[in-house]
Amino acid sequence: MTLRTPTRHRLQQHLGVTPPISTHESNDREKEVTVTLMEELHRQKMFESEEESKTREIVLGRVASLVKKFVYKVGLNRGLSEQAALAAGGKIFTFGSYRLGVHSSGSDIDTLCVVPKHVSREDFYDVFEPMLRDFEGVSECSGVPEAFVPIIKTKIQGVAIDFLVARLNLASIPDDLSLRDDNLLKNLDDRCVRSLNGSRVVDEILRLVPNVSVYRDALRCIKLWAQRRAIYSNINGFLGGVAWAISVARICQLYPNATAGAIVSRFFIVMYRWSWPLPVLLKQIEEGPLQQVRVWNPKLYPGDRSHRMPIITPAYPAMCSTHNVTESTKTIMVDEFKRGADIVDKVIVGTAQWSELFQKHDFFHKYRHYLQVIASTGDADLQLKWSGTVESKLRQLVMKLEHVESLTLAHPFIKGFDQTLYCLNEDEVRQSASGDPSDAVLRRKKADMEGKEGASIIYTTTFYVGLAVERKQPGSTGTRRLDIWYPTTEFTKLVKLWEKYDESTMGIVVRHIKSSSLPDHVFDAGERQPKPTLKRPKTSKANDKSEKEPTDLPNKKRKASLGPSELQSVEQQILESSSVPTNPPAPSSNLEAHPAVRIVYSSSGLPVDAPSMAPPPLRFDEATPVPRGTEVR
């Protein structure tokens, strides 16, 4: 389908819940910085090659045929005749960055498998996943059925594909099926509705932006920025692809004739000044005819009132694409909006380059204290499932940490670090599974294990949470106690509730680690700063210094609850204050704790022993080397 640039007549009937802030075209300087922005995006390899584009098309064609074979196979198992099983069809729909037209080299393809009513979600994992594993060119395949939106992650011919499934109440799926009809949602469960919404939302976004070409260029910029700043991850409590896409689309609605560079500038200013939890909407929320389908409504549903940064999907039924955002991740993103606004303002006046906007995050330099969450198994395929399950629950740990006294912020990193470790004995296995492999294990190759009795392979995935500790109040004396036993213990209990959890083959360890003890592999080559050789001397002026050093704390004000009738007027007030770009405040100071903070294990803490695991079979007993009570000076 060819997407046409909108005409002036179309713009007369404005897109969005409010009229545009400005319909003027961008000035000459904004046009100039748009040219330099596109040059920078090409330097950053945000556009794929023609060869890679053709490979994607070939892979998607093969996948479309495989889905039909999957539906056919299940049909025969259900007792359908061969003719009926063949006629049942099956179809794939792409969504996400690929469908939006903003994918880059190496990015994955979000793919929805639409199947008829005789195919169940269990068939998706019991039949389709094994078929994928045996599919020619597949190098990875891992299903996470317990995820909020059940998914299978795979890589085919080097192309990463995330599969979702939706079971329609139809006997067959024709090749010309369109998903725009709301009646297709009848008699579907919540998971199928969420899966269908991915494709329906993307189509609606493209319909609601005034200029698709400008929108795509601006979105490419914001995606790259969010990825470099490590705030692109829905599962970890930041904004995911859909939320970023909706946010940029809203700015395009407010400035329908602006260039991509101007849209990026307005994006940071408006998002920084946004009065959360006021929702971001591309159109008015529609109730719709389906009684069993839930529509986002903070007045009706208490859970919707708890959303901290609601960005609402435009397709029926309206849903919050940012339900995973925590108070900590909200604080981090708002801080990044401030930084982005400041840099782009300098770009426009000619005192900075676009490359500064895309500088790498400083997560592993920002805090003195971190939590390591280590998921481990002895099987590569099992590790993909287990680590995916642990990652999907990580935000629960963050939310529990936010309630710990003296912790001002819990900052989750957006990805885990995978290691394959070759161990020769039980002690090495124990150390590796607890996140402390020896140098000998780190250097060892697979060939070094050949012929060694008792040797085994350990697969680990390590996630990190940065901890910002409240500064010591002026005049206070003694030791502050930081109790993180409850949130860490509850988290380990939560992940072990996974129905496929097996303590004999899976390990989960949570432990505190200082920044000086971070492993080298979390840094790029040459990035790690030299370790200090001298300890900081204690002086009587420490408290005086803490008085002079400002700190930004998470905003813990009571959140307002807004109904649909109040949204337009409140949003208009925000937009009016953002209509004229000004120099935004400089980014807030580092949220890290006072340099003198020290965390130590108390005698009442849990045992620091690593998991007991003896091959074969590999065994991971419960181990959570995190103190019951820690002391902070």
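Sequence order as written defines residue numbering, which begins from 1 separately in each chain. Only residues with pLDDT of at least 70 get local features here, since the model is predicted, and only at 80 or more are side-chain atom pairs given and counted; chain-wide, interface and lining totals rely on the full set of residues. Hydrogens and water are ignored here; the side-chain numbers use all heavy atoms of the structure.

This next bit is on helix 3 (residues 50-77). The terminal C-alpha atoms of helix 3 lie 41 Å apart, and with 28 residues this matches the ideal 40 Å at 1.5 Å per residue to within 8%. Relative accessible area decides the class of each residue, using a 1.4 Å probe on protein chains only: under 20% of the type maximum gives buried, over 50% gives exposed, and in between gives partly exposed. A run of H or I in DSSP becomes a helix once it reaches four residues, and a run of E becomes a strand once it reaches two; helices and strands are each numbered from the N terminus. Looking at helix 3, one finds that the buried residues are Arg 56, Val 59, Leu 60, Val 63, Leu 66, Val 67, Phe 70, Val 71, Val 74 and Gly 75. Note on helix 3: the residue one or two positions beyond its end, Gly 79, has a positive phi of about 95°. To estimate how far a helix should extend, the number of its residues minus one is multiplied by 1.5 Å.

What follows is about the nonpolar core. Core analysis: the biggest nonpolar cluster contains 113 residues, and Tyr 215, Trp 225, Phe 267, Phe 268 and Phe 364 have the highest contact counts within it. With ten residues, helix 8 (residues 212-228) is the largest single contributor of residues to this core. Among residues more than four places away in sequence, those in contact with Tyr 215 are Leu 100, Ile 205, Leu 206, Val 209, Ala 245, Val 248, Ala 249 and Cys 252. The set of buried Ala, Val, Leu, Ile, Met, Phe, Trp, Tyr and Cys residues whose side-chain atoms join them within 4.5 Å is what this entry labels a nonpolar core. Judged by nonpolar contacts, the second largest core, of 30 residues, contains Ile 92, Tyr 98, Phe 128 and Met 131. By definition, residues are in contact when any of their heavy atoms lie within 4.5 Å.

Consider a sheet: its strands pair through backbone hydrogen bonds, and that pairing is either parallel or antiparallel. Ordered in space as 1-2-5-4-3, the five strands form an open sheet in which the pairing is mixed. Each having just a single partner strand, strand 1 (91-95) and strand 3 (138-144) make up the two edges of the open sheet. This sheet shows a mean twist of 25° between the axes of neighbouring strands, independent of strand direction. Any two strands are treated as partners once DSSP identifies two or more bridges connecting them. Note that strand 3 and strand 4 (residues 151-156) share six bridges and pair antiparallel. Paired with Glu 140 across the strands is Lys 155, a residue of strand 4. The sheet strands contacting helix 7 (residues 190-208) are strand 1, strand 2 (109-115) and strand 5 (159-167), and the helix crosses strand 5 at an angle near 120°. Each axis is a line fitted through C-alpha atoms, and for a helix only the stretch in contact is used; angles between axes span 0 to 180 degrees, taken between their N-to-C directions.

Looking now at the UniProt feature "binding site: Mg(2+) 2" (unreviewed entry) in the protein chain. UniProt positions are given in the numbering used here, feature names are shortened, and annotations may be inferred rather than shown by experiment. Under the present numbering, the feature "binding site: Mg(2+) 2" (unreviewed entry) in UniProt falls on Asp 108, Asp 110 and Asp 162. Despite a sequence span of 55 residues, these residues sit close together in the fold, their greatest C-alpha distance being 7.0 Å. Here Asp 110 shows up in strand 2. When near neighbours in sequence (up to four residues on either side) are disregarded, Asp 110 contacts Phe 93, Thr 94, Phe 95, Gly 96, Ser 97 and Asp 162. The class for Asp 162 is buried, based on a relative accessible area of 8%.

Quick look at the pattern of salt bridges now. Pairing between side chains of opposite charge can happen when their charged atoms approach one another. Salt bridge, as applied in this entry: a Lys or Arg side-chain nitrogen positioned within 4 Å of an Asp or Glu carboxyl oxygen. Going through the model one piece at a time under the given rule, you end up with 29 salt bridges. Between Glu 327 and Arg 308 there is a salt bridge, with the nearest N and O atoms lying 3.4 Å from each other. Here the residue Glu 327 occupies a position in helix 12 (residues 327-349), and Arg 308 occupies one in the loop between helix 11 (302-305) and helix 12, the gap between them amounting to 19 residues. For the pair Glu 327 and Arg 308, one class covers both residues: buried. Notably, a salt bridge pairs Lys 346 with Asp 342, separated by 3.5 Å at the nearest N-O pair. Note that Lys 346 and Asp 342 are positioned in helix 12 at a spacing of four residues, about one turn of the helix. Under the relative-accessibility criterion, Lys 346 is labelled partly exposed at 36%. Judged by relative accessible area, Asp 342 falls into the buried class, the value being 17%. Each of Glu 129, Arg 133, Asp 381 and Lys 385 takes part in one network of salt bridges that share partners.

Each packed pair of helices is defined by two parameters, the angle between the axes and the distance between the axes. The interhelical angle for the contact between helix 9 (residues 241-254) and helix 10 (residues 260-273), taken along N-to-C directions, is 105°, at an axis separation of 9 Å. Relative to helix 10, helix 9 is oriented roughly perpendicular. For the pair helix 9 and helix 10, the contacting residues are Trp 244, Ser 247, Val 248, Ile 251 and Cys 252 in the first and Ile 263, Arg 266, Phe 267, Val 270 and Met 271 in the second. Gly is put with the polar residues, along with every residue not named as nonpolar or charged; the nonpolar set is Ala, Val, Leu, Ile, Met, Phe, Trp, Tyr, Cys and Pro, and the charged set is Asp, Glu, Lys and Arg. Considering only residue class, the contact of helix 9 with helix 10 consists of eight nonpolar, one polar and one charged. What sets the label is the angle itself: under 35 degrees gives roughly parallel, over 145 gives roughly antiparallel, 65 to 115 gives roughly perpendicular, and the rest give oblique.

The next thing to look at is the pairing of strand 3. With five of seven residues buried, strand 3 is to be regarded as a mostly interior element. In this structure, the hairpin formed by strand 3 and strand 4 is closed by a connection of six residues.

Pairing of aromatic rings covers Phe, Tyr and Trp, the last through its six-membered ring, and needs centres within 6.5 Å; plane angles under 30 degrees mean stacked, over 60 mean edge-to-face, and all others mean tilted. For the structure shown, the criterion picks out 27 aromatic pairs. Arranged with centres 6.0 Å apart and planes meeting at 85°, the rings of Tyr 367 and Tyr 370 form a pair that is edge-to-face. We note that Tyr 367, like Tyr 370, is buried. Cation placement over rings: the criterion is NZ of Lys or CZ of Arg within 6 Å of the ring centroid and within 35° of the ring normal. Taking NZ or CZ as reference, Arg 62 lies 4.3 Å from the ring centre of Phe 135, over its face. A cation over an aromatic ring shows up here: Arg 294 above the ring of Tyr 301, its NZ or CZ 3.9 Å from the ring centre.

A separate point is empty space enclosed by the protein. The method works on a 1 Å grid over the protein atoms by themselves. A cavity is a set of points holding a 1.4 Å probe that cannot get out, a pocket is an open set with protein on both sides within 12 Å along at least five of seven lines, and residues with an atom within 4 Å of a point line them. Grid points are joined across faces, edges and corners, and a volume is the space filled by probe spheres set on the points. Across all of its chains, the model carries six cavities of 30 Å³ or more by this definition. The calculated volume of the second largest cavity comes to roughly 60 Å³. Surrounding the second largest cavity, Leu 281, Lys 283, Gln 284, Ile 285, Glu 286, Ile 312, Thr 313, Pro 314, Ala 315, Tyr 316 and Ala 318 form its lining. Along the lines of polarity and charge, the residues of the lining of the second largest cavity split into seven nonpolar, two polar and two charged.

Once that is clear, we can look at unusual backbone geometry. Pro 277 follows Trp 276 through a cis peptide bond whose omega is 10°. Mapped onto the fold, Pro 277 is located in the loop between helix 10 and helix 11. Note that the residue after Tyr 316, namely Pro 317, is joined by a cis bond; omega there is -5°. Within the secondary structure layout, Pro 317 lies in the loop between helix 11 and helix 12. Phi is positive for Ala 230, close to 60°, though the residue is something other than glycine. Turning to its location among the elements, Ala 230 is positioned in the loop between helix 8 and helix 9. Notably, Ser 406 is not glycine yet its phi reads approximately 80°, a positive angle. With respect to the helices and strands, the residue Ser 406 is situated in the loop between helix 16 (394-401) and strand 7 (407-412). Relative accessible area serves as the criterion here: at 12%, Ser 406 is assigned to the buried category.

Another aspect to go through is the packing of helix 2 (residues 28-43) against helix 10. Their axes nearest at 7 Å, the elements helix 2 and helix 10 cross at an angle of 95°. In terms of axis orientation, helix 2 runs roughly perpendicular to helix 10. Packed against helix 2, whose contacting residues are Glu 30, Thr 34 and Leu 37, the element helix 10 presents Ala 260, Gly 261, Ala 262, Val 264 and Arg 266 at the interface. The class makeup of the residues in the contact of helix 2 with helix 10 is four nonpolar, two polar and two charged.

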